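# Secondary and tertiary structure notes
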Amino acid sequence: MKYEKLGIFMGKKTLKLIVLLIFVCVASFWIVEQSPIDPVRAYIGEMSIQPEQKAKMEEYWGVNTPAHEKFLNWAGSALEGDFGTSLIYRMPVTDIIKERFASSLLLMASSWVLSGILGFVLGIVAGMKHGTFIDKVIKTYCYILLAAPTFWLALIFLLIFSVNLGWFPVGLSVPIGVASGDVTFFDRIHHLILPTITLSLLGVASIAMFTREKLIEVMSSDYVLFAKARGETGFDLVKRHGIRNVALPAITLQFLGFSELFGGAVLVEQVFSYPGLGQAAVAAGLRSDVPLLLAIVIVSTLFVYSGNLIADIIYEFVDPRIKQQETRP
Amino acid sequence: MTTAVVNANRELFKGINLRQKTIMLISCLSLLLIAIVVSSAFIDENALSTDFESKNLAPSLEHPFGTDWMGRDMFVRTLGGLGLSIIIGALASSISTIISVFLGLLSSIGKIEDSIVSWLVDLFLSIPHLLLIILISIGFGGGATGVIIGVALSHWTSLTRVVRAEVKQIKTQEYIHISQKFGKSKWWIAKNHIFPHLLPQFVLGTIVMFPHAILHEASVTFLGFGLSPHEPAIGIILSESMKYLSAGYWWLAFFPGLSLLIVILVFDLIGENLGKMLDPKKAHE
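A brief report on the enclosed structure follows. Note that the structure is a prediction, hence the values are computed from the model and not measured. (Residues numbered from 1 in each chain as written. Chains lettered and ligands numbered in written order. Predicted model: local features only at pLDDT ≥ 70, side-chain atom pairs only at ≥ 80, totals over all residues. Heavy atoms only, no water.)

So, about the overall build of chain A. On a plain count of helices and strands, chain A comes out with 14 helices and 0 strands. Scanning chain A from its N terminus toward the C terminus, one meets helices and strands in the order α-α-α-α-α-α-α-α-α-α-α-α-α-α. By residue count, 44% of the 329 residues in chain A fall in the buried class. In chain A, the share of contacts with a sequence separation of at least 24, taken over all contacts with a separation of at least 6, comes to 72%. Total accessible area on chain A stands at roughly 17600 Å², and carbon and sulfur atoms take up 65% of it. (Helix = DSSP H or I, 4+ residues; strand = E, 2+ residues; numbered from the N terminus. Buried < 20%, exposed > 50% of the residue type's maximum accessible area, 1.4 Å probe, protein only. Contact = heavy atoms within 4.5 Å. Areas by Shrake-Rupley, 256 points an atom, 1.4 Å probe, with all protein chains shown as cover.)

Here it is, written out as C-alpha cells:
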C-alpha cells in the first residue's frame, strides 16, 4: 500500500520534471537566441577575419537557420546525450560537465553538511538559551551573515588565511606545477577547506534562525510543560522533546536550499579559482559559450529539483506526524 | 559631559512612545541612505582623478579608506559605488514589485490564471537565482541594462507567493461574495476590493526586496557581467581588488565590502521596523 502510494508520487514528480525541463529548455534557448551576441565573434575572439570567411563559418554553424529549426536540432541531439561542443574549452560539453560537476559536488556537499550541522547546533543553543546574551550574540551573528555579500566574505577569508597567515593556498583545487597523477588526496583536501568554510557560512544563518524559532515554539508547548512537571530539565529535556521535533523540518529546509547553495558556489569558485561548474558557468556567460551555458542551466535545474524532491519525500513519507494524520479515517 | 548628554537624551525620549521611536529610527536610517545617494551624485570629478604620487596608500585621516593603484581615493569610489547600487536596487525592486502586483491580481481572477501564475513562479525558482540573472542579462545583450533587467525580472517570485496567499484569504471574505452577487466583474473586484488590502504588502515587499536586489547586482558585476570597468560599482571595485590581495593591500577589499554590508543591514532594519508597524499584531513589541 505504502509503496504503491510512493510509486504514484514519484510518477507524478517525474512527469512534472519532464514538463519543467521542456519549459526551461525552450525559455533559456529563446533567451539566448534573443541575445544580440554574435556566436562567430565569440568563437574567434579578437582575431580579424575576412567577410567571406565569416560568411562561410556562419553557414557552417547555421547562424541564419530559423530559430525553431535550431532548437529542434539542438534538442534532438541533447536527447541523445550530445550537448554540442564548448566554444571556449573546445571539448564536448558533456565531458566538461562531468568533470566540473564532480569537483563542484565535492565542494557543495561538504559545505552543505558543515553548514547543516553548525547551523543546527547554533540554533539549538540559541533556542535553549532564549533571551540570554548567548542567544543575542548568535542572532546578531546570523543577521550580519545574512547581509554579508558571499564573495566579499570569500575575499576576506582569502586575505586572512591565505595571504596573511599562509595556512591555505590562494586558489585552484590542486597545486600548480604538479602532474595530475602526483596530486595526493591531502592536496585536494587542503585546497578544499577554505572554499568549503566560506560557502558553508552562507547556509549557517538561515538554518540556525529557523531551528531557533522552531525550538522556541516547541519549548513553549504543552507537552514540554508536562515534561518539565515530571522533573525533566536541562539538556535532557531539549534532547528528548526539542531536537526530535526540530530535526526533520530543519533537514527539509536544508534540502530546499540547493538553489542558494549553487549560487554561492558560483561566487566562491570564482574567488578561489576553484575549477567547478560555477566557474565554468561564469566563463561560458562572459564569453557567450551558448552550448555550455545551456547545459549548465539544465544540470543546475536538475540539481535544484532533486533537492526539492527529497524535501517533498521527507515531508510526505518520513514525517511521522503526517503519516499519522493520514491513517486516521 | 557624557552623562549630561545621556540624561538629555533620556529627557528627550521620555515623551515618545514606541511607535514614534520606530518612526524616528526609520527616518534616520532612510536619511542615511538618501545622504549616500545624494552625495554620490555630487561627487567631484577631481576627487576621482588619478594621482600616481599617492597610490596604494594605507588608510589614513586624509584617505579614510586608503587609495588604489591609480591614486584614487577609495572612500569616494565606495560612496559612488553605493549610490549606484542603491539606484539600481531601487529600479529593479520597483519593477519586480509591479510584476508581482500584476501577477498577484491576475491569480485572483480564476483557477486557470492562478495555476499559470504558480507555474511561472515554479519555473523561475527552478533555476539557481544567480544563473537566472546571468542568463537574462545575456539575453538582453549584457551591459548595465542587461544586469538591471536581469535583477528586475527575477525578484518578483517571493512577493508574488505572499500576495497569492493573501489574495486567497481575502477572497473568502463575505464582502467579496456580496460584490460578486451584485454582478461586479472579477477584474473590478480585484482592483477595488483586493488591491487596497494588498497595498501595505507591496510597500513592505519592495523594501524587503531591496537588499536582495543590491546583493545580486553586486555579485553579478563582481563576476564581470554588466557595468563597464569605469563605473565605480562595488562589485567592480571588489573584483579589481582581487588582483592586489597577494600584495597585501587589504583596504581595497575590506572597506567597500563592509560599507555594502552596512547598507544592506540598514535596509533590513528599515524593512523589519516597517513590518512591525504595519502589522497590527506585532505593533506593540
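So that's the structure; there's more coming.
Per the secondary structure count, chain B includes 11 helices and 0 strands. Mapped in sequence order, the helices and strands of chain B form the string α-α-α-α-α-α-α-α-α-α-α. By residue count, 46% of the 285 residues in chain B fall in the buried class. Taking as baseline every contact in chain B between residues at least 6 positions apart, the subset at least 24 positions apart corresponds to 68%. Carbon and sulfur atoms form 66% of the exposed surface of chain B, whose accessible area is close to 14300 Å².

This paragraph deals with the packing of helix H9 (residues 186-222) of chain B against helix H11 (residues 251-278) of chain B. Residues and elements named next belong to chain B. Running from N to C, H9 and H11 point in directions that differ by 165°, and their axes come no closer than 10 Å. Here H11 runs roughly antiparallel to H9, going by the angle between their axes. Read as a crossing pair, H9 and H11 show a hand that is left-handed. Residues Pro200, Val203, Leu204, Ile207, Phe210, Pro211, Ile214, Leu215 and Ala218 of H9 form the contact with H11, whose participating residues are Leu260, Ile264, Phe267, Asp268, Ile270, Gly271, Leu274, Gly275 and Leu278. Grouping the amino acids of the contact of H9 with H11 by side-chain chemistry returns 15 nonpolar, 2 polar and 1 charged. (Axes fitted to C-alpha atoms, helices over the stretch in contact; angles between N-to-C directions. Parallel < 35°, antiparallel > 145°, perpendicular 65-115°, else oblique. Left-handed = near helix turned anticlockwise from the far one by under 90°. Nonpolar A, V, L, I, M, F, W, Y, C, P; charged D, E, K, R; others polar.)

Our next topic: the packing of aromatic side chains. Evaluated as defined, the whole model comprises 14 aromatic pairs over all chains. Each ring, one from Phe23 of chain A and one from Trp119 of chain B, has its centre 5.2 Å from the other, and the planes form 80°; the classification is edge-to-face. Taken together, the positions of Phe23 of chain A in helix H1 (residues 2-34) and Trp119 of chain B in helix H4 (residues 111-126) put the pair across two chains. Under the relative-accessibility criterion, Trp119 of chain B is labelled partly exposed at 22%. Ring centres of Phe101 of chain A and Phe303 of chain A lie 6.2 Å apart, and the angle between their planes is 85°; this geometry places the pair in the edge-to-face category. Separated by 202 residues along the polypeptide, Phe101 of chain A in helix H5 (residues 93-128) and Phe303 of chain A in helix H13 (residues 290-318) bring together distant segments of the chain. By relative accessible area, Phe303 of chain A is classed as buried at 9%. Here a set of aromatic residues connected by ring pairs shows up, and it is made of Phe101, Trp112, Phe255, Phe258, Phe262 and Phe303 of chain A. Over the ring of Trp188 of chain B we find Lys184 of chain B; its NZ or CZ atom is 4.5 Å from the centre of that ring. (Phe/Tyr/Trp six-rings, centres within 6.5 Å; stacked < 30°, edge-to-face > 60°. Lys NZ or Arg CZ within 6 Å of the ring centre and 35° of its normal.)

This next bit is on the interface of chain A and chain B. Between chain A and chain B, the contact holds 42 residues from the first and 40 residues from the second. Area buried by chain A at its contact with chain B is led by Phe151, Trp152 and Leu155 of chain A, which between them contribute 18% of it. Put simply, chain A and chain B have 1 salt bridge between them. Residue Asp122 of chain B is joined to Lys16 of chain A by a salt bridge in which the shortest nitrogen-to-oxygen separation is 3.9 Å. At the junction of chain A and chain B, the tally comes to 2 residue pairs in polar contact (both at pLDDT 80 or more). For the side of chain A that touches chain B, the elements supplying multiple residues, two or more each, are H1, helix H6 (133-147), helix H7 (150-164), helix H11 (258-271), helix H12 (277-286) and H13 of chain A. Tallied by class, residues from the side of chain A that touches chain B come to 32 nonpolar, 9 polar and 1 charged. (Buried area = accessible area lost by both parts, 1.4 Å probe. Salt bridge = Lys/Arg side-chain N within 4 Å of Asp/Glu carboxyl O. Polar contact = N/O pair within 3.5 Å; in protein donor to acceptor, adjacent residues only side chain to side chain.)

Take the environment of His230 of chain B next. All names here are of chain B. Mapping His230 onto the fold places it in the loop between H9 and helix H10 (234-241). Looking at His230, the relative accessible area reads 74%, which means it is exposed. The spacing of His230 and Trp188 is 42 residues in sequence and 49 Å in space, taken between C-alpha atoms.

The description of two helices packed together rests on the angle between their axes and the distance between the axes. Interaxial distance between H13 of chain A and helix H5 (residues 129-139) of chain B falls to 11 Å at its minimum, and their mutual angle equals 150°. Judged on the interaxial angle alone, H5 of chain B and H13 of chain A are roughly antiparallel. Between H13 of chain A and H5 of chain B the crossing geometry is left-handed. Contact residues: H13 of chain A offers Leu293, Ile296, Val297 and Ser300 of chain A, while H5 of chain B offers Leu131, Leu135 and Ile138 of chain B.

Residue and element names in this part refer to chain A. Under the criterion given, the structure shown has 8 salt bridges over all chains. The closest approach of N and O atoms between Lys239 and Asp236, which form a salt bridge, is 4.0 Å. You can see Lys239 and its partner Asp236 sitting in helix H10 (residues 234-256), 3 residues apart, about one turn around the helix. Looking at Asp236, the relative accessible area reads 37%, which means it is partly exposed. Connected through salt bridges with shared partners, the residues Asp135, Arg212 and Glu213 form a single ionic network.

Looking now at the environment of Gly110 of chain B. Residues and elements named next belong to chain B. Its place among the elements puts Gly110 in the loop between helix H3 (74-109) and H4. What makes Gly110 buried here is its relative accessible area of 18%. Put simply, Gly110 and Lys186 are 76 residues apart on the chain and 8.3 Å apart in space, counted from C-alpha to C-alpha.

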